[in-house]
Every structure is written in C-alpha cells, then in structure tokens.
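Coordinate analysis (summary)
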There are 2 protein chains.
Amino acid sequence: MPTISTRGRQMPPSPIRKLVPYSEEAKQKGVKVYHLNIGQPDIRTPEVALEAVRNTDLKVIEYSHSAGIESYRKKLARYYQGIGIDVDHNDLLVTTGGSEAITFAFMSCLNPGDEVIIPEPFYANYNSFATAAGVKVKPIESYIEDGFALPSINKFEELITDKTKAIIICNPNNPTGYLYSEEEMNSLRDLVLKYDLYLFSDEVYREFCYDGHKHISAMKLEGIENNVVMFDSVSKRYSECGVRIGTLVSKNKEVMSTALKFAQARLSPPTFGQIIAEASLDTPKSYFDEVQQEYIERRNFLVEGLNKIPGVYTPKPKGAFYTVAKLPVDDSDKFCQWILSDFSHKNQTVMMAPASGFYSTPGRGKNEVRIAYVLKKEDLANALEVLEKALEAYPGRTE
Amino acid sequence: MPTISTRGRQMPPSPIRKLVPYSEEAKQKGVKVYHLNIGQPDIRTPEVALEAVRNTDLKVIEYSHSAGIESYRKKLARYYQGIGIDVDHNDLLVTTGGSEAITFAFMSCLNPGDEVIIPEPFYANYNSFATAAGVKVKPIESYIEDGFALPSINKFEELITDKTKAIIICNPNNPTGYLYSEEEMNSLRDLVLKYDLYLFSDEVYREFCYDGHKHISAMKLEGIENNVVMFDSVSKRYSECGVRIGTLVSKNKEVMSTALKFAQARLSPPTFGQIIAEASLDTPKSYFDEVQQEYIERRNFLVEGLNKIPGVYTPKPKGAFYTVAKLPVDDSDKFCQWILSDFSHKNQTVMMAPASGFYSTPGRGKNEVRIAYVLKKEDLANALEVLEKALEAYPGRTE
C-alpha cells in the first residue's frame, strides 16, 4: 500500500467538526443536541433568493465564466460601491465560498515557507489553508480579558522577519466577535505600509455589527490599496452557507490576474449559487434590520446567561455571532466531548467548539470554548441550562 | 507594493481559456464563434434534474456534511455498484467538481517535491493542480500516429525514481478521446503494484465509450484496491458542468480520512449541485442512449471531415468527446489566435484549444489542436468549412 503524505497528516482536524461523531452518537441515543459549534444560522434565506432558484429556466447547466457570471460581478461591485468600497467588477473574482477566496489569496500571494501573522484565536481553517499552501502561521496573542482587542503593534513588529508576507485579520472576528476600531485599523495600515506586507481582510461578517458600532473595511484604508486582499462570502449575510459563493477582492491587478489562473484551473464557481447570490442583492433592508435585531437579542441573552453561570466569563462582542467563553474546566476539548458522550440534562445536550483549535500556540484556549449564537432564544435558554448543569457535574471542573 | 508569489507566476495559463479575449473581440466585431475549445456540451441537462431544482422547498440553505449529503452518497454508491464498482458511501467524498477531487488527491497523497507520471497529452489542469500542490509532473509521451495508446511500460519504468508516488490516467482520455484496453489497464495494475504507487484514475467520461468498446475502471483492478484513487464528476455525464459536483473515490481508508480533513476545511460542497446530482441518478437510460448516438454521429462527422482537409490528420477516438488533430501549421498557438483575431469566413470563425497546453514536454503539440465535438452537426459542418478556408489562408502554413 502506498505511503500517504505527511502533508495530509499534518492537516489539523476541524475544531468545529471533529466532535461530530459524538453528537451523532448522542442523537442516536435520543438526546437533543443544540448546535452552538458551527456558524450555521437558523435564519431564513431571503425569499427573493429562494424564488430565483424556483424560477430558473436553464436548459443546460453550463460552466460560468471562471471569474464568475459578469452580471453578478457587476451587481456585486455596485453593492460594494454602496458601502463605500471603491471597486469595479474587474477587482472581483467570484469564488466557491469564502474558503476558496482564502486559498486563492494564499496561493497567489505567498510562497511555500512564507509566514503570515494572525492574531489568535483565529478562524481555524486559516491554519488548514496555510498547511495546504505550505505557508507558516505565526500567531500573535490576544486575550479574553480585554475582549480580544488587536494586540499592540510592537508585538506584531517583534514577529516580523524577512519571511513575513502578510497579516490576516477577520473583522468582525470569528471566533471572538471582536470588531476592530478605526484606530486599530489605521495602526494596521501603517504597519503594512512600513513592512510592505499584504493585509488579508476577512469581512464576511460585515453586516453583523451591533450597538451602533461602525465596520471599517480594510479596502477603505488609504495608501495600501495594492496591499489589501479582501475575503467575502454570502454565507452569513443572507444565511446561504450551502450555496458556496464567496468573493476575492483586490485593487492589486497582479494579484487578481494570478488568482484568475487558479480560478481557471477549477473552471467555474457553482452556477446556482451565483444565481442565488445575484438575486440576494435585492434583499430588502427590512430583512437585515430584523436579522440584526434578532442577533442583538440573542447575544445579550447568551452573554448575560453565560456570565451568570459560576466560573464562566465571556466578553460582550460587538459583531459577528460568536463569543469565546472561559469555562471552569481542565480541558475544553475533553469537556466538549464529555458533554456529548457522557452527559445530558432533561434529555438534551450542547455541542460547542473547543477553543484550542482556534489557537496555534500550544496550550492556549484550553479552558475556552467558542459558542455561536445561531439558534433562537428559547434554544439558547435550554442550552445555557444544560451547560450550567454540566459544569456542576463535570469531573474535570477546576474551581 | 508587496511582491507577488513565484508560485502564482508559475501557474500555467489555461489552454482552454487563454484565447477567450480574442474570441470576445471577434464576437464584438459581429463574427459568430464556434466554441470547440471547451468541453461544454450543448446537450440538455436531464429534465429530472432541472425539475428537482424548481421543486426545492428549502427555507435555509445550510452547509451540508463536508463529505456530501448522505442520501446522495448512498444513492451514488448504488450507481457505482450497478456498474460493478464495489464501494459503499464511506468510500466516497462529494467534491466541488472533479477539480476538487484532483486537488484533494494531490494534497492527501503527495508531498511537495513528489513526482507523478502522466501520459501526455493530458488534461491541462493536472499541471495547474500539481503546481498548487508543489508536485512535479513527469510526462511520458504518447503519439497521434498510434491514436495516443498507452506508452510502453518500459518507458514508465525509465521515469520512476524514489520520488515517484503516482501515475495519473484519464480514461476515456481528455484531450485524445483514447479508451484504454483491458490489456493496458492490467499492465498499469502490475506496474503500480511493483513500484508501490498510487494510480489516480480520472473517469469522468466513463459513459462516453463508443463502437461497443467497454470501459475498464481502475477501481475494478484486482490487488491494487488501496492504490487506486478515482476522480469522477457529474459535469459531462448529465451535461451539468455548472453544478460543480464531483467525487473522490477510494477504498484506501487512510486516503479518505485525510481527504476528509481537506473537505472539512472548505466546509461543504454546493447544496444545489448535490440536489441536482442526486436527482440526476434517476435519469432514464433512454437519455444516455440518445446522447451516445448523438456523440457517435458528431464524432464520425467531425473525424471524417477533418481527415478530408488537406494536411489534417486525426485518429478516430473511442471515447469522450474530444479529438486531437494535427494541422499543417507552424504553431497552433499562433494559428488558434490568428483564426479568432485575423480571420473569418462567411462572418464565422472557430475557437480551438492549442495542444501545446496539454503537453508538458516543451515543443510538443506545436502542430496539434484539441477539438471538442460538443456542438451539433450543423455547427460542426460550418466549423469545418471555416477551418479548411483558414488553413488555406494562414500565412504560417507548413505544407
């Protein structure tokens, strides 16, 4: 039997999905599992999008343009212009989910052996895509105590070597929900300019900013137009995770023409996803108002509920729909598995993502979990009750 | 401005798509362009598939399982069983097009610096995916004179080093249309076993075998069950190129569990594509009979027509819907561009794929083109007329 690649073996398991076998086992035992592990909202996809699918009259489902259907790219460019991001459709490439935008950026801008700096905790799959591209992730620590604010620029500078080619931010942040301030974004701009780095900016949660706080897109930072590569996706914006449509955006022509070669190699993004995404651009504002109101209520309810549980602490995030919570446990990987396999309360349990997978510094995140507030308040209430009881019963409780 | 990767720069341009700007220019001048450059059939997608989309009643378009919707995988496994390929749904991973199956196989089975042997001419994007994975392609020559039959096993053995990890075949072949015989498949089996190699077998044209010739799947070769990794796709089988649904298939558990990690990193394949692909499995046999009859007629018409043009030669392929033709020209890259930019006949012209992009040995394929017989006979007739007139007028004609 041929020996398998070490590249493959080094792929980190997904912290969001690695416990799936335990949740499936729990379900087989008849236990209801609340899925707070994954950013899969229960929010309805806009009607205008669903309608577009039902009304398709294609006779042959053809490849689209490798960069995406032109009418979609043009309409999408107008959406960006409408929120003050000055791009036209040639600055966009439609990708198969935000995931592919990340891959294309890594493959187009970085060489094997290059280093990227990412504030941790960070979206776990950055690690996976970096592994696939042979790129090294250098984590820079942010802390739950200050709500996971941007680490000081000095700390970034300490990590920069001649192999450092990019900084990645996710704003608002997955997994922390942190929203970077204008001041933080400006300090990143200065850093990127000083060291001639790419700034990869993952802005898929742009529409999810709360309490009147404003989202500052990296695309709007003056003087680094050629350094910024933005990742975007319709998955969260329109609750369309399954359509697999994202966007790679950059004013850097060389990056875009290189990325197009990778896009041509995989032929085209999914046709139906593009039809849905294009139709979604007509989603009425009232949809977003309702969704935002819903998430604010869920967040408030969850954060308050978590902080009431003895030994638990979570900050109050300003964006996205995640929060990282500190639990009084020895090892959140063990706890998240235990709560699925050995615990239930009123025949219910909770699936959470152990935070260790969002850190690349060994040992960090061991007493933290990521919780996605993607379920309705009633479900969150039940989940909180399960969590409180589970922490009381867990043999590895620390305080 | 940050310097861009050499990895990116080394990505070869797509031979199928690199002339698109010239074809667009021709169209702007009002010239009708016959697209024989790309394997995009004009064949209708089965009604049962289109119906499935129109009837969806999803409220939230969610992520699917990373390995693909279970009901689809189970039904797909039954399809394979029905054609004598002994797999269950755990031996399958649903991918975003056949393209992603290739990427996952490269990433899961090979390390940067490893070598794969591929009979050339070969599907050009193998080169692209190899580049992305840091894998080196070692081409082994096959020749138009013997219809692009499998090169002798001795030739393979001459190329095998301790870095050689896999052989890739595409059967029936893109770009040549060659269908490997049972004898050729058995000799590949022996070779793979002797040197402990992976056999990557791209079988996306399985349903397109003509004149009573039988397709021998690599999955059926005895004794190398753990060596074989199959790529598959619904794109050609059901004329659904745009849905972007493929499959990675292997009995090798370690390969599949590693590939699943790559699948989890990109979350899931497109939901609507999977719905369509699942429904397509109910396509009636009459659909395939009609399609096959249509392709046989087109092939016969095209091959006969090409061989009637002075100085042109093409073999008669037994499968797929491509043929490689030798033309009396100095350089088919120049010719294929010239015919779009400088030539038209009755206000029509033809887009073909220069064969150089399907070879990785420099200089090979310079007087060859790949022609896809994906258009109806009437269009092929016009295209042949254009080609004949163009060859008469082309300044770089060689004989």
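Residues numbered from 1 in each chain as written. Chains lettered and ligands numbered in written order. Predicted model: local features only at pLDDT ≥ 70, side-chain atom pairs only at ≥ 80, totals over all residues. Heavy atoms only, no water.

Here we come to the nonpolar core. Within the largest apolar cluster, 100 residues are counted, with the highest numbers of intra-cluster contacts made by Tyr-80, Ile-167 and Leu-199 of chain A together with Tyr-80, Ile-167 and Leu-199 of chain B. If near-sequence neighbours (up to four positions away) are discounted, Leu-199 of chain A is found in contact with Ile-167, Ile-169, Val-192, Ala-218, Leu-221, Ile-224, Asn-227, Val-228 and Val-229 of chain A. The next biggest cluster of nonpolar side chains, apart from the first, holds 90 residues, and it includes Ile-4, Ile-168 and Tyr-198 of chain A together with Ile-38 of chain B. (Core = buried A, V, L, I, M, F, W, Y, C linked by side-chain atoms within 4.5 Å. Buried < 20%, exposed > 50% of the residue type's maximum accessible area, 1.4 Å probe, protein only. Contact = heavy atoms within 4.5 Å.)

So, on to the domain arrangement of chain A. All names here are of chain A. The domains assigned to chain A are domain 1 (6–44 + 286–393) and domain 2 (47–280). Centre-to-centre, using C-alpha coordinates, domain 1 lies 25 Å away from domain 2. Taken together, the contact pairs 38 residues of domain 1 with 39 residues of domain 2. Roughly 3,300 Å² is buried in total at the junction of domain 1 and domain 2, and carbon and sulfur atoms are behind 58% of that figure. The largest share of the area that domain 1 buries against domain 2 comes from Lys-318, Phe-358 and Arg-364, three residues that together contribute 19% of it. At the junction of domain 1 with domain 2, the criterion picks out four salt bridges. Between Arg-364 and Glu-120 there is a salt bridge, and its shortest N-O distance comes to 3.6 Å. Counting every contact that joins domain 1 to domain 2 gives 16 residue pairs in polar contact (both at pLDDT 80 or more). The greatest single-element share of the side of domain 1 that touches domain 2, amounting to seven residues, is contributed by helix 11 (residues 285–308). Across the side of domain 1 that touches domain 2, the residue classes break down as 21 nonpolar, nine polar and eight charged. (Domains from an automatic or database assignment. Buried area = accessible area lost by both parts, 1.4 Å probe. Salt bridge = Lys/Arg side-chain N within 4 Å of Asp/Glu carboxyl O. Polar contact = N/O pair within 3.5 Å; in protein donor to acceptor, adjacent residues only side chain to side chain. Helix = DSSP H or I, 4+ residues; strand = E, 2+ residues; numbered from the N terminus. Nonpolar A, V, L, I, M, F, W, Y, C, P; charged D, E, K, R; others polar.)

Right, let's talk about the side chain of Arg-73 of chain A for a bit. Residues and elements named next belong to chain A. Within the fold, Arg-73 resides in helix 4 (residues 70–82). No salt bridge is formed by the buried Arg-73; its nearest oppositely charged neighbour, Glu-70, is found at 4.2 Å. In contact with Arg-73, not counting residues within four places along its chain, are His-65, Ala-67, Gly-68, His-89, Leu-92 and Val-94. (Lys, Arg positive; Asp, Glu negative; His and termini not counted.)

All names here are of chain A. Two numbers describe how helix 2 (residues 20–28) lies on helix 12 (residues 332–341): the axes approach to 8 Å, and their chain directions differ by 20 degrees. By the angle between their axes, helix 2 is roughly parallel relative to helix 12. Classified by chirality, the crossing of helix 12 by helix 2 is left-handed. On helix 12, the residues touching Tyr-22, Ser-23 and Ala-26 of helix 2 are Gln-337, Leu-340 and Ser-341. Residue classes in the contact of helix 2 with helix 12 are distributed as three nonpolar, three polar and no charged. (Axes fitted to C-alpha atoms, helices over the stretch in contact; angles between N-to-C directions. Parallel < 35°, antiparallel > 145°, perpendicular 65-115°, else oblique. Left-handed = near helix turned anticlockwise from the far one by under 90°.)

Moving on to the relation of the copies chain A and chain B. Rotating chain A by 180 degrees and moving it 0.0 Å along the rotation axis overlays it on chain B with an RMSD of 0.0 Å. On this basis, the relationship between the two copies can be described by a two-fold rotation axis. By C-alpha distance to the rotation axis, the residue of chain A lying nearest is Arg-54 of chain A, at 2.1 Å. Here 100% of the contact residues of chain A are again contact residues in chain B; the copies associate through an equivalent surface. (Least-squares fit on C-alpha atoms with pLDDT ≥ 70 in both.)

The subject of this paragraph is the sheet that holds strand 9 (residues 322–326) of chain B. Residues and elements named next belong to chain B. In spatial order, the strands read 9-12-11; together these three strands make up an open sheet with antiparallel pairing. Since the sheet does not close on itself, it has two edges, and those belong to strand 9 and strand 11 (353–354), each with one partner. Of the strand pairs in this sheet, strand 9 and strand 12 (residues 368–372) are connected by five bridges, and their pairing is antiparallel. Across the sheet, Lys-326 pairs through a bridge with Glu-368, a residue of strand 12. (Pairing = 2+ DSSP bridges.)

All names here are of chain A. With 13 residues, helix 4 should cover 18 Å at 1.5 Å per step; its first-to-last C-alpha distance of 18 Å lies within 8% of that length. For helix 4, the complete set of buried residues consists of Tyr-72, Arg-73, Lys-75, Leu-76, Ala-77, Tyr-79 and Tyr-80. Of the surrounding secondary structure, the elements contacted by the buried residues of helix 4 are strand 2 (92–95), strand 7 (228–233), strand 8 (246–249) and helix 10 (271–280). Of the residues one or two after helix 4, Gly-84 is the one with positive phi, at around 85 degrees. (Expected span 1.5 Å × (residues − 1).)

With 78 residues of chain A at the contact, the number on the chain B side is 78 residues. For the chain A and chain B pair, buried surface summed over both sides reaches about 6,600 Å², with 57% attributable to carbon and sulfur atoms. Looking only at chain A, the three residues that lose the most surface to chain B are Arg-7, Arg-17 and Tyr-63 of chain A, adding up to 11% of its buried area. In this structure, the connection of chain A to chain B is made through zero salt bridges. Here chain A is connected to chain B by 23 residue pairs in polar contact (both at pLDDT 80 or more). If you list the elements that add at least two residues to the side of chain A that touches chain B, you get helix 1 (6–10), helix 3 (47–54), helix 5 (97–109), helix 6 (125–133), helix 9 (253–265) and helix 10 of chain A.

In this section: the packing of helix 11 (residues 285–308) of chain B against helix 13 (residues 377–393) of chain B. Residue and element names in this part refer to chain B. In contact at an axis separation of 10 Å, helix 11 and helix 13 are set at 15 degrees when each is read in the N-to-C sense. As far as their axial angle goes, helix 13 and helix 11 are roughly parallel. For the pair helix 11 and helix 13, the sense of crossing is right-handed. Across from Glu-297, Arg-298, Phe-301, Leu-302, Gly-305 and Leu-306 in helix 11, the residues of helix 13 making contact are Lys-377, Leu-380, Ala-381, Leu-384 and Leu-387. For the contact of helix 11 with helix 13, the class distribution of residues is seven nonpolar, one polar and three charged.

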